[in-house]
Amino acid sequence: MGITFDVAEKLFPNLATMIVQLCSSGILFYVAYRFLWNPAREYLAKKSELTQKELREAQAAKLEANRDLKTAKQKLTEASYKAKDIVEKGKDEGKIIKESIIRDGRQQADQLLKSAREEIAFEQNKMRQGMQKEIVDVALLATEKLMKEQADEQQNRKSIVSFVEGMNADE
C-alpha cells in the first residue's frame with residue numbers, strides 16, 4: 001500500500017492557501033460593503049419608514065373608528081329615546097282619539113235616546129188623545145144606551161160596572 005499520510009500536513013493548513021482564502025474573503029466583504037451595504041440599509045430604512053407610516057395610519061384609523069363607534073352608540077341612544085318619545089306620543093294621541101270617539105259616541109247615543117224619548121212622548125200623546133176620543137165616544141154610547149133603557153139607579157150601576165169591566169178586558 002503505497003499511500004502514506006503526512007499527519008503534519010493534515011493538521012496544519014498550507015500558508016499560501018490560507019492567505020488566498022483570506023484575501024478572497026476580504027474582497028467579497030469589500031464588494032458587499034461597497035455595493036450591497038448602503039442599498040440594503042436604505043431598503044431597510046424605507047421599509048421601516050413604511051411600516052411606521054402604516055402603523056401610524058392604523059392607529060389613526062383605530063382612533064377614528066373608536067370615535068365613529070362612540071358617535072354611533074350616541075346616535076343609537078338618541079334614536080332609542082326618540083323612538084320611545086314617538087311611541088309615547090302615539091299612545092297619548094291614541095288616548096285622545098279614543099276619548100274623542102267615546103265622547104262622540106255618547107253624544108250620538110244621547111241624541112238617539114232623546115229622539116226616541118221624543119218619539120215615545122209623541123206616540124203616548126197621540127195614544128192619549130185617541131183614548132180620550134174613545135172614552136168620550138164610549139161615554140156617549142153608554143149615556144145613549146142608559147137613556148134608552150130608562151133604568152133605575154141600580155140598573156145604571158150595573159151597566160157602568162159591566163162597561164168598565166169590558167174596557168179592562170179589552171186592554
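Predicted model only: the values in this text are computed from it and were never measured.

Reading guide: rules and limits
Residues numbered from 1 in each chain as written. Predicted model: local features only at pLDDT ≥ 70, side-chain atom pairs only at ≥ 80, totals over all residues. Heavy atoms only, no water. Helix = DSSP H or I, 4+ residues; strand = E, 2+ residues; numbered from the N terminus. Areas by Shrake-Rupley, 256 points an atom, 1.4 Å probe, with all protein chains shown as cover. Patch = residues over 30% accessible without salt bridge, like charges linked within 9 Å, V, L, I, M, F, W, Y side chains within 5 Å. Salt bridge = Lys/Arg side-chain N within 4 Å of Asp/Glu carboxyl O. Lys, Arg positive; Asp, Glu negative; His and termini not counted. Charge placed at Lys NZ, Arg CZ, Asp CG, Glu CD. pLDDT = per-residue confidence, 0-100.

Brief notes about the overall build of the protein
Part 1 of the reasoning: Counting its regular elements, the protein contains three helices and zero strands.
Part 2 of the reasoning: Ordered by position in the sequence, the α and β elements of the protein form the string α-α-α.
Part 3 of the reasoning: Carbon together with sulfur atoms contributes 60% to the accessible area of the protein, which is approximately 16600 Å² in total.

Describing a negative patch on the surface
Part 1 of the reasoning: There is a patch of like negative charges on the surface, built from Asp85, Glu88, Asp92 and Glu93.
Part 2 of the reasoning: On the secondary structure map, Asp85 appears in helix H2 (residues 15-149).

Looking at the confidence of the model for the protein
Part 1 of the reasoning: On average, residues of the protein carry a pLDDT of 85, and 86% of them reach 70 or more.
Part 2 of the reasoning: Taken element by element, the predicted model of the protein shows its lowest mean pLDDT in helix H1 (residues 7-11) (68) and its highest in H2 (89).

Some details on a nonpolar patch on the surface
Part 1 of the reasoning: A cluster of nonpolar side chains, namely Ile27, Tyr30, Val31, Phe35 and Leu36, defines an oily patch on the protein surface of about 560 Å² accessible area.
Part 2 of the reasoning: Summarising the element assignment, Val31 is placed in helix H2.

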